[in-house]
Amino acid sequence: MCPSPNAPSPAEPGAEPESASDAGAKLNFVEQEIEKDIAEGKAPKGVITRFPPEPNGYLHIGHAKAICVDFGIAEKFGGHCNLRFDDTNPAKESQEYVDSIKDDIRWLGFDWGDNEFYASDYFEDLFGFAVQLINKGLAYVCDLNAEDTRSYRGTPHEPGKNSPYRDRSVEENLALFQKMRDGELPDGACTLRAKIDMASANLNMRDPVLYRIARAHHHRTGDTWCIYPMYDFAHGQSDAIEGVTHSLCSLEFENHRPLYNWFLENIDGIGSPRQIEFARMNLTYTITSKRNLLGLVEEGHVSGWDDPRMPTIRGLRKRGYTPEAIRKLCDSTGLTKFNALHDMHLLENALREDLNKRADRRMAVLKPLKVVITNLGEDESIAREAVNNPEDGEGTTRTVHLTREIWIEQDDFREEAPRKFFRLKAGGDVRLRYGYVIHCDEVIKDSSGEIVELRCTYNPDTADGKTPEGMKKVKGIIHWVSARDAVDAEVRLYDHLFREPQPGSGDRSILDDLNPKSMEVVLNAKLEPALGEAPVGERYQFERLGYFVRAEGPGVIYNRAVSLRDSWAKIEKKS
RNA sequence: GGCGGCAUAGCGCAAUUGGUUAGCGCACCAGAAUUUGACUCUGGGGGUUUCAGGUUCGAGUCCUGAUGCCGCUUCCA
């Protein structure tokens, strides 16, 4: 079905609407370009994009942006997105990475259906394309070694010079290229190069290498091949083979676009995908460079690629992040060509916003201080209903028991409290969340002067937020856990991995900027009993503290994903 | 000294493609409400649209030049 120029609507009857502007949303510059292409009939089978990871590492938050863009735009235009592994360099790639990448993409909530492809599936096609170029006099086998190839290429300021092997005959090139494939030449002996222009202002056009000889075991093709195509020779052609209409990539490939197009123009009837570049997403207080991330792992600054402080998808997962929060960030940061640096707080806010709606509330005391309620008997306990989540509209509750001995947060008591300290102080009152107002009668210290216990009385007339006649309304509310019922736990308090917004900028190194307080392990936290039974991966809001996720044992362990906003901390900081 | 990009509140993005007083989110400040100092709600401050020329009745938008930043010198992707 070929649309006429005057009736460019490419949609088949019953197909999804081809115009994204139907949705009424503002289009970013990529979507505007795609819209134009559709109007010109350039995507007769719908918009097809691709996400093309090289399986040589784990996905990180930067990849999440690309995934959201590639899958999101395809969906917006009623098309689809292929998952294609760009596995053209076997020395660095492995099946393990393929598996982890697929797992992470699924976790993020995207589905490629049957559209899973590998550049290595096209090795035979690619070889044929290369032969075609040789036959057209557009490619040649070059015997220059790597070093000479580099020096012949010139620099950005000076032109390169032609390889002495540039003018070999078609027959000779054909024979040599076959020899390369047949394994008759040692690694590095020669390369196949495109014959373009050694004086081009664009270095990528100075007779780029198409194939190198490398005897490396490929995770999919095994030892079938000893020559492998370079990225530039594989990418556009793979796009074309798959019928990709829009190949969206990061800004650094802008200079490659002329080469991308050169191949498409010089290989017969292959198709014409369009490459459009956009800026990748950078976040403050973290890094996404694969080399530096690897360094952190290898030098033991983190526990692994899935350390909850790492910007990897696996790390974020363990940290307690939701796919929804990550997608929210990616969607809200816009799509432009401006090399932007986004505030990490946006990601944290996205998580708070998501979990505020979904996470059940629980009470947990991280740094416990014992409180004895002297007007409650040893065996007495008062059952109180606590709302699980005031935001989800369901209003389900659980029961917590107030007992004679409870734990409160050390931070929630001051002997001498500053102005505006709405918590418990010596001789003062505070309300226990879901409970009663208590009055601090006595502060008990050990021989070194450390506060070890508070003796308080509770006021039975203050249940359910009531303030009896004549009593001043108590403003402060603190969380607590019954000492009788408490579950002991380890809680890991995570913070930014780096203490500088732009780690390693200026003359500092990445390591100079590591945050020494990026993880604090609290060993004897006291949790309300329900938290002891939660499954691994379950997320909760610990009231007044933050959002936490149950981690793998042994024992009960929680990771802090993100703290709650804390305006008291801000007030204190100022004074 | 080359080539390719980019530049709009502190940060990130809009601005009906040349048309009123340049908007939005976050951040910030103030207040309201509240059994989480959370969430929510209301209001507020903050701009020489990098700079200099030009075209036009009219320029954030078009043209010229300058400045700053990013990328390009892997047989990596």
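Reading the values: rules and limits
Residues numbered from 1 in each chain as written. Chains lettered and ligands numbered in written order. Predicted model: local features only at pLDDT ≥ 70, side-chain atom pairs only at ≥ 80, totals over all residues. Heavy atoms only, no water. Helix = DSSP H or I, 4+ residues; strand = E, 2+ residues; numbered from the N terminus. Rg over C-alpha atoms; globule rule 2.2 N^0.38 Å. Buried < 20%, exposed > 50% of the residue type's maximum accessible area, 1.4 Å probe, protein only. Contact = heavy atoms within 4.5 Å. Areas by Shrake-Rupley, 256 points an atom, 1.4 Å probe, with all protein chains shown as cover. Lys, Arg positive; Asp, Glu negative; His and termini not counted. Charge placed at Lys NZ, Arg CZ, Asp CG, Glu CD. Polar contact = N/O pair within 3.5 Å; in protein donor to acceptor, adjacent residues only side chain to side chain. Expected span 1.5 Å × (residues − 1). Near = heavy atom within 4 Å. pLDDT = per-residue confidence, 0-100. Pairing = 2+ DSSP bridges. Axes fitted to C-alpha atoms, helices over the stretch in contact; angles between N-to-C directions. Salt bridge = Lys/Arg side-chain N within 4 Å of Asp/Glu carboxyl O. Phe/Tyr/Trp six-rings, centres within 6.5 Å; stacked < 30°, edge-to-face > 60°. Lys NZ or Arg CZ within 6 Å of the ring centre and 35° of its normal.

What follows is about the overall build of chain A. Counting secondary structure elements, chain A contains 13 helices and 29 strands. Computed over its C-alpha atoms, the radius of gyration of chain A comes to 31 Å, more than 25% above the 25 Å expected for a compact globule of 575 residues. For chain A, with 575 residues in total, the buried portion stands at 50%. Counted over contacts in chain A with a minimum sequence separation of 6, partners at least 24 positions apart contribute 70%. Carbon and sulfur atoms make up 47% of the accessible area of chain A, which amounts to about 27100 Å² in all. Of the charged side chains in chain A, 75 are positive and 95 negative, and the gap between their average positions amounts to 5 Å.

Another aspect to go through is the side chain of arginine 206. Following the sequence through the fold, arginine 206 ends up in the loop between β5 (191-194) and β6 (209-213). Of note is the side chain of arginine 206, whose polar atom sits 2.9 Å from the backbone oxygen of arginine 153. A distance of 2.7 Å separates a polar side-chain atom of arginine 206 from the backbone oxygen of threonine 155. Excluding anything up to four places from it in sequence, arginine 206 contacts Arg153, Gly154, Thr155, Glu158, Pro159, Gly160, Arg193, Asp197, Met198, Ala199, Ser200 and Ala201.

So, about helix α2 (residues 61-76). Between its first and last C-alpha atoms α2 spans 22 Å; for 16 residues at 1.5 Å apiece the expected length is 22 Å, and the two agree. Looking one or two residues beyond α2, the residue adopting positive phi is glycine 78, at roughly 75 degrees.

This part covers the protein's contact with RNA strand B. Near RNA strand B you find 69 residues, and of these Gln32, Arg150, Gly465, Gln541 and Arg565 are the closest. Protein-adjacent atoms of RNA strand B, using a 4 Å cutoff, are sugar or phosphate at a proportion of 63%. Taking asparagine 89, its side chain carries an N or O atom lying 2.9 Å from a sugar or linking oxygen of RNA strand B. Elements with a contribution of two residues or more to the surface near RNA strand B: α5 (146-153), β6, β11 (341-342), α12 (344-358) and α13 (567-574).

The subject of this paragraph is the confidence of the model for chain A. Counting all residues, the mean pLDDT for chain A is 94, and 96% of those residues have values of 70 or more. Segment residues 1-18: pLDDT under 50, and 20 contacts once partners within four positions in sequence are set aside and those in other chains are kept.

For the rest of this paragraph, the subject is the side chain of serine 250. With respect to the element layout, serine 250 can be found in strand β8 (residues 246-250). Looking at serine 250, its side chain comes within polar contact range of the side chain of glutamate 252, at 2.9 Å. Those residues in contact with serine 250, other than ones at most four positions away along the chain, are Glu277, Phe278 and Arg280.

The next thing to look at is the sheet that holds strand β1 (residues 48-51). Here 3 strands make up an open sheet; going across it, the order is β1-β2-β3 and the pairing parallel. Of all strands in the sheet, those with a lone pairing partner are β1 and β3 (116-118), marking the two edges. Direction aside, neighbouring strands of the sheet carry axes that sit 35 degrees apart on average. Relative to strand β2 (residues 80-85), β1 is paired through 4 bridges, and the arrangement is parallel. Across the sheet, residue threonine 49 finds its bridge partner in β2, namely cysteine 81. This element, helix α7 (residues 231-242), spans β1, β2 and β3 of the sheet and lies at about 135 degrees to β2.

What follows concerns unusual backbone geometry. Omega for the bond connecting glycine 553 with proline 554 falls within 30 degrees of zero, at 10 degrees, which places this linkage in the cis form. Here proline 554 lies in the loop between β28 (546-551) and β29 (557-563). Here aspartate 207, not a glycine, exhibits a phi torsion of approximately 45 degrees, which is positive. Of note, aspartate 207 is situated in the loop between β5 and β6. By relative accessible area, aspartate 207 is classed as buried at 0%. Even without glycine at this site, arginine 544 takes up a positive phi of about 70 degrees. Summarising the element assignment, arginine 544 is placed in the loop between β27 (539-542) and β28.

For the rest of this paragraph, the subject is the pattern of salt bridges. Counted by the stated rule, this structure contains 44 salt bridges. For lysine 42, the salt bridge goes to glutamate 40, with nearest N and O atoms at 2.9 Å. Of the two residues, lysine 42 and glutamate 40, neither departs from the other in class, the shared state being exposed. Where lysine 337 meets glutamate 254, a salt bridge forms, and the shortest distance between an N and an O atom there is 2.7 Å. Of this pair, lysine 337 sits in the loop between α11 (323-332) and β11 while glutamate 254 sits in the loop between β8 and α8 (257-266), placing them 83 residues apart in sequence. By relative accessible area, lysine 337 is classed as partly exposed at 42%. For glutamate 254, a relative accessible area of 28% gives the class partly exposed.

Our focus in this paragraph is the sheet that holds strand β21 (residues 437-445). The pairing of strands in a sheet happens through backbone hydrogen bonds and is either parallel or antiparallel. Ordered in space as β23-β20-β21-β22-β14-β17-β24, the 7 strands form an open sheet in which the pairing is mixed. Edge positions in the sheet fall to β23 (477-478) and β24 (480-482), since each has one partner strand and no second. As defined by bridge partners, strand β20 (residues 429-432) adjoins β23 across 2 bridges and the pair is classed as parallel. Counted as the bridge partner of leucine 432 is isoleucine 478 from β23.

Scanning the model with the defined rule gives 18 aromatic pairs in all. Plain terms: the ring middles of tyrosine 58 and tryptophan 305 are 5.5 Å apart, the flat faces sit at 45 degrees to each other, and that makes the pair tilted. On the criterion of sequence distance, the pair formed by tyrosine 58 in the loop between β1 and α2 and tryptophan 305 in the loop between α9 (290-298) and α10 (313-319) is long-range, its members being 247 residues apart. Considered together, tyrosine 58 and tryptophan 305 belong to a single accessibility category, that of buried residues. Aromatic ring contacts, followed pair by pair, group Phe123, Phe127, Phe177, Tyr211, Trp225, Tyr228, Phe233, Trp262 and Phe263 into a single cluster. Over the ring of tyrosine 118 we find arginine 220; its NZ or CZ atom is 3.5 Å from the centre of that ring. It is arginine 384 that lies over the ring of tyrosine 436; its NZ or CZ is 5.1 Å from the centre.

A word on the pairing of β21. Pairing between β20 and β21: 3 bridges, direction antiparallel. Each bridged residue has a counterpart across the sheet, and for valine 430 the counterpart in β21 is isoleucine 438. Where β20 folds back onto β21 in an antiparallel hairpin, the turn is made up of 4 residues, including tyrosine 434, whose phi is positive at roughly 65 degrees. Here 8 bridges tie β21 to strand β22 (residues 451-459), and the two strands are oriented antiparallel to one another. The residue bridging isoleucine 438 from the neighbouring strand is tyrosine 458, located in β22. Counting the residues that bridge the hairpin from β21 to β22 gives 5 residues, and of these glycine 449 lies at a positive phi of roughly 90 degrees.

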